[in-house]
Structures are given as structure tokens and as C-alpha cells.
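# Secondary and tertiary structure notes
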Amino acid sequence: MNSNFSIKQLVELDACTRCGECQVACEAFANIDSRNDRGREDLVSPSARLWELRAFLKGTRPGILSRLSGGREFDESRLKDLAAGAYRCTTCARCVERCPVGIELRRLWLATREELAAAGYSPEELDVIRQAVADEHNIVGYPNVERASWVDYMVEAPEDGYIRRGALVVYFVGCVSSFSPAVQSIAEAYAQTLDAAGVSFTILGEDEWCCGFPLLAAGMSRAAEEVKRHNIEKIRSCGAKAVTFSCPSCYKIWRDEYSIHLPGVELIHSTQFLARLIAQGRLKPGQLDLEVTYHDPCDLARNAGVYEAPRRVLTAIPGLRLIEAKHVREDGHCCGGGGDLEVTDVELAGRIADGTVRSLLDTGAHSIVSACQQCKRTLVSSVQRQELENEVLDIVEVVWKAVSENG
Amino acid sequence: MHESLMFEIGKWAAALVFFAGVWGNVSFWLTGSTPRGSGRIAYAVRRIIGLALSPRAWGRAVSVVIFQKGVGKGSPARTVMHLCLALGLMELFFIGSGGNALIEYGLADFTKDTAWFALANEIGGLLLIVGAAIAISRRYVLRLPQLRAPAGTGEDAVIAILIGLGVVTGYFAEASRLLADNVAAEAAANSFVGYGIARIIEGMGANWHGLHASIWWMHAALGLAFFAYVPFSRLFHVFSAVLLSAADEGRPAEPQTDAGSVYGVSGN
């Protein structure tokens, strides 16, 4: 039985028409460096990969019918090639948007990774993440007691360190914003903004464990069960009415996997909460003369359906001019930082980011604004790599700037 | 009688292969997991019945099959290609083959020369030619990179040959039938392609009955081979993709979150 694949997914394998539109949309495939010998580069293409997956799954069944309908027996080498293709994907879901048949390709790739990881074909680098989450409950492997250290680095850190009993909202910061110096400013800005809006919120500090998304993306969803149980229990025990996130990946996995266990608890991304606070007059952004272009984070936009909230936030800031790029919303480019690609092929992730930066800056805007700490990290790295003068900001940083300048 | 028996055998052999292929695919699907681990066959039956009883599912299926909704997403050339191939095949299968079967069994109130029937089949064939020409051009002339996958390119050639030869033999079969049956020009002109070919070849003075029979058998064999091949090729998407489309309830709209609680410190 193909337990990692649902009946619907197996139907999808037979619904593919090999039109190749997914390949046209795939930024990983577009940025393959053929000089880099990593086996069958063509399997980075969603189209080729789907048919290889189909051949593999059908080939696991005996009989002439499966062979006649494309099933093949896979040796170790062929499985390694499939894995090399499957793990060089950012799970950005651009392919899903282009598929005329409506195949949920992103879910198919995650199921493929589950299948490959269970058989021992996941990249070794991802075992480091799994071990880090198991040992330290975060993806970087640092002692989780340091998770809220970003508060200590603040110029004006609150005395309570944002840990407040009885708060109505939990701000789930996420591993990247907590531990990566390049984007700790996102956590700072959001926390300060929530305070300015008079929101009753708290962070969990060391009681916040990794949301499990990197493990899910690695095909190791079972390894994420412990952290999920812990986080759910923490929310229940603190009695929060809502959980807010500055990380779209955290937001997405909480919405998809946690919400069923937390009935009545609202899950809201920072862009949605900021839009609400502005709409209800709790935040009054001041004048900010800035020309920006907005980059839709894949896990917030295509994968969670949030497109307009961030735009309402940006257009509510007086003086800010938003210039839309050519490829936005469902057609937005990927930053290269998703799907654990930075772990499995950092150079490919970098090339994807470089292309996205060039496309965004074609608008003529000086600043790129996103709503994801991972996007900010990869896009900042790209801007530096290309020796550009432009800046990359998270939307919460833009809002905090506007709010704090308004006094 | 002998020929009818041969055709019946061929027809049932093709049907057997077709349904064996369908069974192979469906039984593969049923190895998948179900939500909450429910029984696979029971789940599948419930879903199919649910879709069959859902007007919205039918609406989605019809909009995809007849109106080709979303099929050519992002590519006008592919939209036209698929429209031609899909409508051409549907016409020739349902109206052409179905109509001929009704005529054969004496159940039709029309003949092969009835204007609408003849015209529909000619147009069906032309649609296939246009669709196939675009498909061949994209693959072998323009050599679009997304169509140059390593696996399955043999399949492209098989499908193109079956369709191409099927259409050609179809028109020549019609041309030879018009000559063999000495169909009056006024009626024959409805089969405008076949009639055109007939006008070109009539000077050959061949044994039109014999020629028609031979070409008809080639055409029948190609059609049956095409039918039998469907479940073993990407052509099976005509069933699986329609099933997916019928079941696809689309994505929910972006939630409107501006009006919710601000969870203020003061309790507001």
C-alpha cells in the first residue's frame, strides 16, 4: 500500500498530461547549473519528476498491467536520482498555480519526500535539522533557553522580556527570527508594534519549540509530532485566545496541522493582525516617504492565500508608494529559501533569490518589502552578493518605522 | 458475416484491453491512503457517489470537458490545440462512431450522407488535424523545452501516428465510400474533405468497393488500437483529469480578518 500517498494523489499521477507548464513556472529548474554534476538534473523539473514518481510507485506493484502503464523497478541509483530532484525544490507551489489539471503538486512533493525519507534517501544535511529539533527543539541546535535572547539585544527591552502571564495573544516568534541575527529585528519590530497597539500579548521564550515545518518539508513529519504536541499544550495551558506569527511557514503549519487541536484559538499572521489594528485605529502609521515593491512570500501567498492584507497595510501608510512587480500574487517569484533548499543546495537557492531580486528591482523601487523572515534573509544575501544599494525590509519593520515616527 | 465477426472480435478485444488498463489504473489508485484511515473501497465509492449526485461537480466537469475551462492556462497555443483535439475526438467518438453504430443496427433516422452527420464528422477530422499539427509543431518544430522530457517521448510519437493515420484513413475511407456507393454530388459535398479526395482519385478507376473495405479496416484497426491504448498512456487524463476537476472545490477566498478582536490589554 502507498501509505504516504492518498488515493487522490495517485489519481493525480494519472491525470498529468505532460504539458510541461509546471516546468515553465519552476524557478529551481530554471536556475539549474548543468555544470554541477548532481545526477539527473531533469528531475528537478516538476513534470519529469512526477512521471518518474509515477513510474516508481506503479513499479512497486507486480504484474504486466503496472508495467504496461509505465511502472518500472527502481534500483538504488535511480532512487537517489529521484531524491536529488525531489529535494531541490522550494515547495513554492508556482507549479500548482500553472497546472491546468489542478494537480496539487506541492503536496505531492511533500508526500514524495516522506516516502524517500522513510526509505533512507533524504539528504544527510537534513538529519542535522532533525537531530537539532529532537535535542534542542529548534532548527539551529542552540540551547533553546537562548530562544528569547533577541529581547536582550534590544535597545529598549521591556523589563518583563515580553513574557506575560494571562496574555490574550501568543506571539510565536519562530526559530529563524529567534536565532538569526540578520532577522531578529523582525521579532523586535513586531513586539514593539504590538505593544504600541496595546495588544495583550506574550512570547513563550524557551517554552516555544520549533513549529515542525522544516521537518515536514524534509519529509520527516513524524519527527515533528513531539514539538507539535508541546506547542499545543503550551497554548492550552496559557489560555491564549490567539496566536500570531511573523513567519508564514509557522503560520501555515499551525493553520494546517495545529488548528484542529486548538478550537476557538485564532491563528493570525502579522500582516493580517497589522491590517486589523490599522483598520480599527489601534495603530496610526505616520508619514513614511518610501517607494517599495512587495514580494509575496510563497507560504503566505500561494500556500496560505493571504495576498491583500499586506497590501492594505502598506497602502495605509501615508507617503509610502507601493509599486507592484510584474510577477506578483499567485505568479510571484520565490525567494529560494523554502523547502529546506538552503540546506540541500544553497547555491541553487542563491541563484533563485538573485533572479527574484532582479525582477523586483525592475519596478524601480528602492526597497523590497516582504512578510517572511526567510525571504528577508535570502533576499538580503542576494542584494549583498550582487553588490546592490537597495534595502530589504519586513513589513513589520516598515510599520514599526511608520508608527514609531508618529510618536 | 465473416467480416462482421472479425470486427466484433476486434471490438471486444480492444474493449478488453481498454478495461484491463482501466482496472490496472483504478486498482493502483486504491492502494492510496484515505482520510482517517477509512476503508479504501468504501471511501472511493462514497466519493464517486457524492460527485455523481453533486450538480456542482457536474458543472465543473462540463465546464472543463465542453468549455475547456482552465485547460490552456497560460498558453493560447495550447488552448487552441487542446480544444481542437478534445472536441475533434469527442465528435468522432460519440457522434461519428456512435452514429455509425446506430446506422449499422438500423436504429438511426439518418444515414452517412445526411448533411449534419457528414459535416460533423468532416469537421471532427479537421479539428483533429489542426490540433495534432499544433502538437507536432510544439514538440518537433519549435522543440519547446518543457515538452522535451526524456521519458514518454515515444508515447508522443505513438499518439501522433495513431491520430494522424486515423484521420487520413478516415478521409480516404469516406472518399472511397462515396465513389463505391456512387453518392450524388449534392449529398457527397457535405463530406467536403472526403468528396474533395474522391474528386482527385476518381480518375484512377479502381475497385472502389475493395479499396473502401481495405481502407475501412485500416481505419477501424487504428481506431480500436487508439481506444485500447488510452489507459496505458497520458491519454487516460481524459478520465482522471475530469474526475479531479469534478472533485476540485477550488480554493477558499482570502479570509477577511480586519473586523476581529484586537485583544487589547484593557480587554477590548
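Here, every reference points to the structure presented above.
For the structure given in this document, a descriptive report is provided here. Keep in mind that what you see is a predicted model, and the values were worked out from it rather than measured.

Another aspect to go through is the overall build of chain B. Within chain B one finds 10 helices and one strand. Reading chain B from its N end, one meets helices and strands in the order α-β-α-α-α-α-α-α-α-α-α. For chain B, the C-alpha radius of gyration of 24 Å lies well beyond 18 Å, the compact-globule estimate for 268 residues. When the 268 residues of chain B are sorted by exposure, 40% land in the buried category. Within chain B, contacts between residues separated by at least 24 positions form 68% of all contacts whose residues are at least 6 apart in sequence. For chain B, the exposed area adds up to about 14700 Å²; of that, 71% sits on carbon and sulfur atoms.

This brings us to empty space enclosed by the protein. Residue and element names in this part refer to chain A. What the rule picks out here adds up to six cavities of 30 Å³ or more. Here the largest cavity is characterised by a volume of approximately 120 Å³. Elements with a minimum of two residues in the lining of the largest cavity: helix H3 (27-30), helix H4 (46-59), helix H7 (94-98) and helix H8 (105-118). In terms of residue class, the lining of the largest cavity is made up of 11 nonpolar, two polar and four charged. What the second largest cavity holds in volume is close to 90 Å³. For the second largest cavity, the lining is made up of 13 residues, of which Cys16, Cys19, Cys22, Cys99 and Ile103 are closest to its centre. Considering each element in turn, the lining of the second largest cavity owes the most residues, three residues, to H4. Residues belonging to the lining of the second largest cavity are distributed by class as follows: 10 nonpolar, three polar and no charged.

With that out of the way, let us pick up the packing of aromatic side chains. Under the defined criterion, the tally for this structure stands at 24 aromatic pairs over all chains. Ring centres of A:Phe245 and A:Trp254 lie 5.4 Å apart, and the angle between their planes is 55°; on these two criteria the pair is classed as tilted. No difference in accessibility class separates A:Phe245 from A:Trp254, as the two residues are buried. Residues B:Phe93 and B:Phe227 carry aromatic rings whose centres are separated by 6.2 Å and whose planes lie at 20° to one another, so their mutual orientation is stacked. With B:Phe93 in helix H4 (residues 76-104) and B:Phe227 in helix H9 (residues 208-229), this pair connects stretches of sequence that are 134 residues apart. Judged by its relative accessible area of 44%, B:Phe93 falls in the partly exposed class. The partly exposed category is assigned to B:Phe227, whose relative accessible area is 23%. One aromatic cluster is present, formed by B:Phe18, B:Phe19, B:Trp29, B:Phe93, B:Phe94, B:Phe227, B:Phe236 and B:Phe239 through successive ring pairs. Over the ring of A:Trp51 we find A:Arg54; its NZ or CZ atom is 4.4 Å from the centre of that ring.

The next point concerns the sheet that holds strand E5 (residues 266-269) of chain A. Residues and elements named next belong to chain A. Pairing within the open sheet is parallel, and its four strands lie in the order E3-E2-E4-E5. If you trace the sheet from one side to the other, it starts and ends with strand E3 (201-202) and E5, each paired once. The sheet contact formed by strand E4 (residues 242-245) and E5 spans four bridges and is parallel. The residue of E5 that forms the bridge with Ala242 is Glu266. The strands touched by helix H15 (residues 248-258) within the sheet are strand E2 (169-172), E4 and E5, with E5 carrying the most contacts at an inclination of about 155°. Along the sheet face, helix H16 (residues 270-279) touches E4 and E5 and points at about 90° away from the line of E5.

Residue and element names in this part refer to chain A. Burial of the side chains of E2 extends over both faces: Val169 and Tyr171 are buried on one face and Val170 and Phe172 on the other. Bridge count between E2 and E3: two bridges; the pairing is parallel. Considered in E3, the bridge of Val170 is made with Thr202. Direction of pairing for E2 relative to E4: parallel, over a ladder of four bridges. Pairing of Val169 across the sheet is with Ala242, part of E4.

What follows concerns helix H9 (residues 124-136) of chain A. Residue and element names in this part refer to chain A. The terminal C-alpha atoms of H9, which comprises 13 residues, lie 19 Å apart, in line with the 18 Å expected from a rise of 1.5 Å per residue. Of all the positions in H9, only Leu126, Ile129, Ala132 and Val133 are classed as buried. Seen along its axis, H9 keeps its buried residues to an arc of 110°; they face one direction. Opposite the packed face of H9, turned more than 90 degrees from it, sit the exposed residues Glu124 and Val128. Following H9 by one or two positions, His137 has its phi on the positive side, about 65°.

Let us look at the interface of chain A and chain B. Taken together, the contact pairs 60 residues of chain A with 54 residues of chain B. Taken together, both faces of the contact between chain A and chain B bury some 4700 Å²; the carbon and sulfur share is 55%. On the chain A side of the contact with chain B, A:Ile7, A:Arg18 and A:Arg61 bury the most area, a combined 14% of that side's loss. Here chain A is connected to chain B by three salt bridges. A salt bridge links B:Arg78 to A:Glu21; the nearest nitrogen and oxygen atoms lie 3.4 Å apart. Linking chain A to chain B there are 23 residue pairs in polar contact (both at pLDDT 80 or more). Among the elements that take part in the side of chain A that touches chain B, helix H1 (residues 7-15) of chain A stands out by supplying eight residues, more than any other. Residues belonging to the side of chain A that touches chain B are distributed by class as follows: 30 nonpolar, 12 polar and 18 charged.

Criteria and cut-off values
- Residues numbered from 1 in each chain as written.
- Chains lettered and ligands numbered in written order.
- Predicted model: local features only at pLDDT ≥ 70, side-chain atom pairs only at ≥ 80, totals over all residues.
- Heavy atoms only, no water.
- Helix = DSSP H or I, 4+ residues; strand = E, 2+ residues; numbered from the N terminus.
- Rg over C-alpha atoms; globule rule 2.2 N^0.38 Å.
- Buried < 20%, exposed > 50% of the residue type's maximum accessible area, 1.4 Å probe, protein only.
- Contact = heavy atoms within 4.5 Å.
- Areas by Shrake-Rupley, 256 points an atom, 1.4 Å probe, with all protein chains shown as cover.
- 1 Å grid on protein atoms, 1.4 Å probe; cavity = no way out; pocket = protein on both sides within 12 Å on 5 of 7 lines; lining within 4 Å.
- Points joined across faces, edges and corners; volume = space filled by probe spheres on them.
- Nonpolar A, V, L, I, M, F, W, Y, C, P; charged D, E, K, R; others polar.
- Phe/Tyr/Trp six-rings, centres within 6.5 Å; stacked < 30°, edge-to-face > 60°.
- Lys NZ or Arg CZ within 6 Å of the ring centre and 35° of its normal.
- Pairing = 2+ DSSP bridges.
- Axes fitted to C-alpha atoms, helices over the stretch in contact; angles between N-to-C directions.
- Expected span 1.5 Å × (residues − 1).
- Arc of directions from axis to C-beta.
- Buried area = accessible area lost by both parts, 1.4 Å probe.
- Salt bridge = Lys/Arg side-chain N within 4 Å of Asp/Glu carboxyl O.
- Polar contact = N/O pair within 3.5 Å; in protein donor to acceptor, adjacent residues only side chain to side chain.

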